[in-house]
Amino acid sequence: EAVAAEWMLEFACSCLCRHFAEQSGAEFWRWRDVAQALISGLSQIPPHQKKTVYLCQLLIRVAQGKSLGLQFENDKRISPLESALSFWTLLEREEIKLEKLHEEIRRLIQIQIVAVHMENRYFREAAEVLERLFTDSESDKPLRVKLATIIKTRDPYVPLLQSFSYGLLISKIKSYIERFMKENETNFLIQEATKHVVSKGLGATTLQNRPVKVNENGRSDLEKKHRFVIKYYTAKGCLNSKMQNCCLDVYSSLFWIYVNCLLGLTSMQNVGQNEVSLACSRRRQKWTPKEDLELKLGVKEFGVGNWAKILAHGAFDNRTSVMLKDRWRTLSKMK
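Residues numbered from 1 in each chain as written. Predicted model: local features only at pLDDT ≥ 70, side-chain atom pairs only at ≥ 80, totals over all residues. Heavy atoms only, no water.

Per an unreviewed UniProt entry, the recorded name for the chain is TERF1 factor, and the organism is Melospiza melodia. As stated in UniProt under Subcellular location (unreviewed entry), the record for the chain gives "Chromosome, Telomere". (UniProt positions renumbered as here; feature names shortened; annotations may be inferred.)

J.: I'd love a proper account of the overall build of the chain, names of residues and values included.
T.: Helices and strands together make up the secondary structure of the chain, namely 18 helices and zero strands. Counting only contacts in the chain whose residues sit at least 6 apart along the sequence, the fraction spanning at least 24 positions is 64%. Of the accessible surface of the chain, which amounts to about 19,400 Å², a share of 53% is contributed by carbon and sulfur atoms. (Helix = DSSP H or I, 4+ residues; strand = E, 2+ residues; numbered from the N terminus. Contact = heavy atoms within 4.5 Å. Areas by Shrake-Rupley, 256 points an atom, 1.4 Å probe, with all protein chains shown as cover.)

J.: Help me get a handle on the pattern of salt bridges, residues and values and all.
T.: Taken as a whole and judged by the stated rule, the model has 19 salt bridges. The salt bridge involving Glu92 is made with Arg106; its shortest N-O contact spans 2.8 Å. Here Glu92 is found in helix H4 (residues 80-94), whereas its partner Arg106 is found in helix H5 (residues 100-119), with 14 residues between them in sequence. In this pair, the class of Glu92 matches that of Arg106, namely buried. A salt bridge links Arg124 to Glu128; its shortest N-O distance comes to 2.9 Å. Note that Arg124 and Glu128 are positioned in helix H6 (residues 123-133) at a spacing of four residues, about one turn of the helix. Residue Glu128 is classed as partly exposed on the basis of its relative accessible area, which comes to 34%. Residues joined in a network through salt bridges with shared partners are Lys51, Glu95 and Glu183. (Salt bridge = Lys/Arg side-chain N within 4 Å of Asp/Glu carboxyl O. Buried < 20%, exposed > 50% of the residue type's maximum accessible area, 1.4 Å probe, protein only.)

J.: A description of the confidence of the model for the chain should follow, citing residues and the corresponding values.
T.: With 74% of its residues at a pLDDT of 70 or more, the chain shows a mean pLDDT of 78. Per-element confidence in the chain ranges from a low mean pLDDT of 35 for helix H14 (residues 266-269) to a high of 95 for helix H3 (residues 50-63). For residues 204-220, every residue scores under 50 in pLDDT, and the model assigns this stretch 30 contacts once sequence neighbours within four places are set aside. Taken as a whole, residues 262-282 scores under 50 in pLDDT and shows 32 contacts with residues more than four places along the chain or in a different chain. (pLDDT = per-residue confidence, 0-100.)

J.: Just give me the short version of the packing of aromatic side chains, but keep the residues and values in it.
T.: Counted under the stated rule, the structure contains seven aromatic pairs. Ring geometry for Tyr54 against Phe87: centres 6.3 Å apart, planes inclined by 50 degrees, an arrangement best described as tilted. Here Tyr54, found in helix H3, pairs with Phe87, found in helix H4; they are 33 residues apart in sequence, far enough to count as distant. For Tyr54, a relative accessible area of 10% gives the class buried. Note on Phe87: relative accessible area 14%, which makes it buried. With 6.2 Å between their ring centres and 70 degrees between their planes, Trp287 and Phe316 make a pair best called edge-to-face. (Phe/Tyr/Trp six-rings, centres within 6.5 Å; stacked < 30°, edge-to-face > 60°.)

Next up, the structure:
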């Protein structure tokens, strides 16, 4: 059980890191709960998993760092970011060599602890936390003096706080995550899952730690790829036969893991390039009467809510299941 729990924690941390980096909130919170449950189940932290546990706790606190009402420590004075700083200190102790990035993240957390209090007009608390944050060492003195001066001005929008913003902190932590993931590429569960997929004859390449590409508008192109895979395999008449062997429902999360594996097929990279290019260059377009009819026929055949099936079987011009749902809502109101 202990060994299995270690594998699960590694996988949960990997998911937590990925969703933190991609800013996918719902998935991040889901894996936060999983990671917290696994960590709570540990009687003690194995030495080789200390960095994993500390990083999970750091990300959870940084993600909620601006919510001063949340408490992670018994001392109610300790904000989420101040709690995050304690885990960052533990992480630094696990590093073989401290580099510039470590110092930058430490300073950014310290500055943002004060900044978040000031943004919420908690100036007295900001002064109190400043006393807890810094020692009397000469290296800390310049920043301590600057922050003390800023607190006295009661202005949360001074250049120093704007230059060392929360967004910059997130960016630096993403850089640390990227390095952490490279150092921990041998994620056992992902490796074994990949072997299992390959053993089924799918020929999938390993997808571990592969980032999701986001277009210039900040929207993931993953749904476009999913849609293409479904339409391609439906057109070839082989999706249903392949899925029967896997016993996966099209609406289950395991189905989409399956689809993601399909996206790793080298043969897929050269098939239907025109279709992929078209999907990736989709623009906002008006619904045609023909598409409306296809949508109505699809709802009649498969029922409201089965948007993935309707999309796969209908003749739609570069649409997604979300678009189908929104259009049906519009048509229902018009009716």
